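Architecture at a glance
Residues per chain are reported as follows:
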2 protein chains.
Amino acid sequence: MSDLLERLRERGWRMTSQRRVVAEVLNGDHVHLTADEVHARAAQRLPEISRATVYNALGELVSLGEVTEVSTDGRAKRYDPNAHHPHQHLVCSHCGTIRDVHPTGNPLADLPSEERFGFSVSEVEVTYRGLCPSCA
Amino acid sequence: MSDLLERLRERGWRMTSQRRVVAEVLNGDHVHLTADEVHARAAQRLPEISRATVYNALGELVSLGEVTEVSTDGRAKRYDPNAHHPHQHLVCSHCGTIRDVHPTGNPLADLPSEERFGFSVSEVEVTYRGLCPSCA
DNA sequence: ATCCTACGATGGACAGAATCCAAGTCAAGA
DNA sequence: TCTTGACTTGGATTCTGTCCATCGTAGGAT
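Residues numbered from 1 in each chain as written. Chains lettered and ligands numbered in written order. Predicted model: local features only at pLDDT ≥ 70, side-chain atom pairs only at ≥ 80, totals over all residues. Heavy atoms only, no water.

Chain A appears in an unreviewed UniProt entry as Transcriptional repressor from Streptomyces albiflavescens.

Once that is clear, we can look at the overall build of chain A. Helix and strand counts for chain A come out as four helices and six strands. Taken from the N to the C terminus, the helices and strands of chain A come in the order α-α-β-α-α-β-β-β-β-β. Principal-axis analysis of the C-alpha atoms places the extent of chain A at approximately 50 × 40 × 25 Å. Each of the 136 residues in chain A was classed as buried or not, and the buried ones make up 39%. The long-range share in chain A, meaning contacts at least 24 apart out of those at least 6 apart in sequence, stands at 46%. Accessible surface, chain A: about 7,200 Å² in total, of which carbon and sulfur atoms supply 47%. For chain A, the distance from the average position of its 15 positive side-chain charges to the average position of its 19 negative side-chain charges is 6 Å. (Helix = DSSP H or I, 4+ residues; strand = E, 2+ residues; numbered from the N terminus. Buried < 20%, exposed > 50% of the residue type's maximum accessible area, 1.4 Å probe, protein only. Contact = heavy atoms within 4.5 Å. Areas by Shrake-Rupley, 256 points an atom, 1.4 Å probe, with all protein chains shown as cover. Lys, Arg positive; Asp, Glu negative; His and termini not counted. Charge placed at Lys NZ, Arg CZ, Asp CG, Glu CD.)

With that settled, the discussion passes to the sheet that holds strand S3 (residues 78-80) of chain B. All names here are of chain B. Strand order in this open sheet of three strands is S1-S3-S2, and the pairing throughout is antiparallel. Each of the sheet's edge strands pairs with one partner strand only, and the pair in question is strand S1 (33-34) and strand S2 (68-70). Two strands pair when backbone bridges link them, and S2 and S3 are joined in this way by three bridges, in the antiparallel orientation. Note on S3: the bridge partner recorded for Thr68 is Asp80. (Pairing = 2+ DSSP bridges.)

In this section: the protein's contact with DNA strand D. Residues in contact with DNA strand D amount to 17 residues; listed here are only the nearest, Arg14, Thr16, Gln18 and Thr53 of chain A together with Arg14 of chain B. Sugar plus phosphate, as a fraction of atoms of DNA strand D within 4 Å of the protein: 71%. Take Arg14 of chain A: an N or O atom from its side chain is 2.7 Å from a base nitrogen of DNA strand D. A distance of 3.4 Å separates a phosphate oxygen of DNA strand D from a polar atom in the backbone of Glu48 of chain A. Elements with a minimum of two residues in the surface near DNA strand D: helix H2 (17-27) and helix H4 (51-63) of chain A together with helix H4 (51-63) of chain B. Tallying contributions element by element places H4 of chain B first for the surface near DNA strand D, with three residues. For the surface near DNA strand D, the per-class residue count stands at seven nonpolar, four polar and six charged. (Near = heavy atom within 4 Å. Polar contact = N/O pair within 3.5 Å; in protein donor to acceptor, adjacent residues only side chain to side chain. Nonpolar A, V, L, I, M, F, W, Y, C, P; charged D, E, K, R; others polar.)

To continue, consider the domain arrangement of chain A. Residues and elements named next belong to chain A. Segmenting chain A into domains produces domain 1 (4-80) and domain 2 (88-130). For domain 1 and domain 2, the distance between their C-alpha centroids amounts to 24 Å. Contact with domain 1, which involves seven residues of that partner, is made by nine residues of domain 2. In total, domain 1 and domain 2 occlude about 650 Å² of area from one another, counting both sides; carbon and sulfur atoms represent 48% of this. Put simply, domain 1 and domain 2 have zero salt bridges between them. Our enumeration of links across domain 1 and domain 2 arrives at two residue pairs in polar contact (both at pLDDT 80 or more). Of the residues assigned to the side of domain 1 that touches domain 2, the class counts are one nonpolar, two polar and four charged. (Domains from an automatic or database assignment. Buried area = accessible area lost by both parts, 1.4 Å probe. Salt bridge = Lys/Arg side-chain N within 4 Å of Asp/Glu carboxyl O.)

What follows is the structure, given as structure tokens:
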């Protein structure tokens, strides 16, 4: 989890000032920012960075498997930099904030083969929904 | 599960020709249509139906608990008419088709209270992803 | 059967999220 | 330092969905 920049450089990701700033924003707090929030934070350091660039960089980081896209209902997608620790999400149905959670059990084992319809199932995503303390 | 129209009438849902057509579209195949697809199918029978009307009707059906909103990937939401049988979804990561599945186990029980962060957790949504037979 | 009226439908404007594109810029290898 | 292909830019565009003022009508009342 520690040095995203390091890993990206090792993987031959062409490093520009814009990409560096985006990666640094993600490498900071483990909150789940929207693309626009990433853009806003990046713009504090690099005022002229364009939205398109942020979208491009985020899309590439997702393809590289370094961050995960979390799409909550209809709202803007959020980007989760914690891609190297498997976890699930707990979403507030009112304000949309997301927390990482670590449920016990193995949901993959809960899907019997007769319920797989010939699919090669490779991942499971579990989303818990409810009201956070401040919205309750 | 069978007669959506019947139930809606019993529940006092004011029946207009537009609402009838929307309900009939949903009551048909158990595929998961987007709002736009519902609109397109409804328009085959009632050419002048407006998109706003379809959105309104879908929103009400969701509030009534008669259909479920499924947002798979940040693309358009899909509407699942199979709301009376609790189930989860199996999505093909390549072509996007969705199948209803019925896993065993109870994922809600898998989230210990120290992992709930004061949220009042009310629902769990499990999405299995993989390749369907034709995409594999 | 007809009338009333509150509720629903309409469609065009609007808004938020994300993508596209042509032109300009720059990282990094030679 | 030079070169070049990859990256960035920002405005236009697409896609999804909502809003609103106005018009129409379902269904109860008469």
